[in-house]
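Breakdown of the fold
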Amino acid sequence: MNINRQVLTLDEFTIQGLRDFPKATGELSSLLRDIGLAAKRVNVEVNKAGLVDILGDAGTMNVQGEEVKKLDIYANNQFMGVLKHGIACAGIASEELDDIVVFDDPVSNNSKYVCMFDPLDGSGNIDVNVSIGTIFSIYRRVSELGKPCTEEDFLQPGNKQVAAGYVIYGSSTMLVYATRRGVNGFTLDPSIGEFSLSHPNIQCPESGKIYSVNHGNFFQYDKPVQKYIDGCQRKTKTTGGPYTQRYIGSMVADVHRNLIKGGIFMYPGTTDKPKGKLRLLYECNPFAFIVEVAGGKATNGKQRILDIQPTELHQRTPLFIGSKAMMEELEVLLNAEPAEAAV
Ligand code: AHG
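Now for a look at the structure at hand. (Residues numbered from 1 in each chain as written. Predicted model: local features only at pLDDT ≥ 70, side-chain atom pairs only at ≥ 80, totals over all residues. Heavy atoms only, no water.)

On to the site of the ligand, then. Within the structure, the ligand sits among 13 residues, and Asp121, Gly122, Tyr247, Met251 and Tyr267 are positioned closest to it. Gly122 places a polar main-chain atom, nitrogen or oxygen, 2.8 Å from an oxygen atom of the ligand. Between the ligand and Lys277, the relevant distance is 2.9 Å, taken from an oxygen atom to a side-chain nitrogen or oxygen of the residue. Protein coverage of the free-state accessible area of the ligand, which is 470 Å², stands at 76%. Taken together, the residues of the shell around the ligand sort by class into 5 nonpolar, 6 polar and 2 charged. Both domains that furnish three or more residues to the shell around the ligand are identified here as domain 1 (10-199) and domain 2 (210-335). (Near = heavy atom within 4 Å. Polar contact = N/O pair within 3.5 Å; in protein donor to acceptor, adjacent residues only side chain to side chain. Areas by Shrake-Rupley, 256 points an atom, 1.4 Å probe, with all protein chains shown as cover. Nonpolar A, V, L, I, M, F, W, Y, C, P; charged D, E, K, R; others polar. Domains from an automatic or database assignment.)

Following this line, the structure appears as structure tokens:
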């Protein structure tokens, strides 16, 4: 029987990476394997989402007499569970939880990594069969090994990330992750239940034709942002538009598309919410890391996302992220004198 050895599974890929670092302990590979396992379990439940009415509404008992949990809580528990039972993670922070969870057992206290995740981003889209995702981010802890991890381990700037990634539950299920060595995408092969390398060495196109933003908030954005969006709809020297507008309202799907095809995604501050909606630690930092490793850029409009020193776990930040040339066009307007930037 011929076996296609061209296609590596996620486990094979991370283990192969270890060959280049003979002194590596394999902890990061183990952590990624744990995340891959949780993603497969969540994928099974996401695929059944339309059956919830048959199996039982969230908060009620299903036909097997089990309590049906909201999918985002289910996803949170899966990711937290695999990381707790693994050997490579000292603790986690989750968009679903108010505080960090310190695993505090002899193995975990000697683990060198902490992990942050948004277990089910875009969960507002579950009921309407739109792609949703999980976002994760891995840091080397700064607290003393051998002791429980602390909040300080989680409040590190994004430029300290060791790895970051996302899972997209879409028309197929993909896991994409970045280390400083590159960004690689793995598609879940349902026939063997494994993530298989389908998108090696992803590069974000230098420019693109897609802009993604919630147009409903247009009149709440700052003038320079309005001017950029206006330019995206016209043929001007500044933006090279008109561009195509695509906005799903599920960041994982929106940024994934723009990463592959080239484009810019924006969630600016508004008059009602000057810091926007997206969370620095669970959404913006991981994507900023992935997109920068792939050759793109990410800022809050004033500062590189990865250089922001976090002060609280759930802090929000405006986000502009995408293809380098498009980001540079935007930055010209954001840095312009107010009079110049007026629409
Ligand atoms: P949620 O997980 O609450 O559905 O939020 C999704 C996030 C992000 O994925 C998406 O880009 C953004 O919120 C959409 O927000 P708007 O609906 O305000 O555009």
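The next thing to look at is the pairing of strand S1 (residues 89-94). The buried fraction of S1 is high, at 6 of 6 residues. Relative to strand S3 (residues 113-121), S1 runs parallel, the two being bridged by 4 bridges. Its bridge partner being in S3, Ile92 is matched across the sheet by Cys115. Strand direction decides the pairing type here: S1 and strand S2 (residues 101-102), joined by 2 bridges, are antiparallel. Bridged to Ile92 within S2 is Val101. Here S1 folds back onto S2, and the loop between the two strands holds 6 residues. (Buried < 20%, exposed > 50% of the residue type's maximum accessible area, 1.4 Å probe, protein only. Helix = DSSP H or I, 4+ residues; strand = E, 2+ residues; numbered from the N terminus. Pairing = 2+ DSSP bridges.)

So, on to the packing of aromatic side chains. This structure, assessed with the given rule, holds 7 aromatic pairs. When the ring of Phe79 is compared with that of Phe117, the centres are 5.8 Å apart and the planes differ by 40°; the resulting orientation is tilted. In this pair, Phe79 sits in helix H4 (residues 71-85) while Phe117 sits in strand S3, placing the two residues 38 residues apart along the sequence. The class of Phe79 is buried, set by a relative accessible area of 1%. Linked through ring pairs, Phe13, Tyr177 and Phe186 together constitute an aromatic cluster. (Phe/Tyr/Trp six-rings, centres within 6.5 Å; stacked < 30°, edge-to-face > 60°.)

All right, on to the side chain of Asp72 then. By the secondary structure assignment, Asp72 is in helix H4. Buried charge without a partner: Asp72 forms no salt bridge, and the closest opposite charge is Lys70, 4.0 Å away. For Asp72, the side chain forms a polar contact with the side chain of Ser123, separated by 3.3 Å. Beyond its immediate sequence surroundings of up to four residues, Asp72 is in contact with Glu96, Pro119, Leu120 and Ser123. (Lys, Arg positive; Asp, Glu negative; His and termini not counted. Salt bridge = Lys/Arg side-chain N within 4 Å of Asp/Glu carboxyl O. Contact = heavy atoms within 4.5 Å.)

Attention now moves to the pattern of salt bridges. Tallying each qualifying case throughout the model produces 12 salt bridges. Its salt-bridge partner being Arg304, residue Asp307 comes within 3.0 Å of it at the nearest N-O pair. Note on Asp307: relative accessible area 35%, which makes it partly exposed. As a salt-bridge pair, Lys324 and Glu328 come within 3.7 Å of each other at their nearest N and O atoms. Of this pair, Lys324 and Glu328 both sit in helix H10 (residues 324-334), 4 residues apart, roughly one helical turn. Residue class for Lys324 comes out partly exposed when judged on its relative accessible area of 33%. Look at Glu328 and you get partly exposed, because its relative accessible area is 32%. Counted as one network, the salt bridges with shared partners bring together Lys297, Lys324, Glu328 and Glu331.

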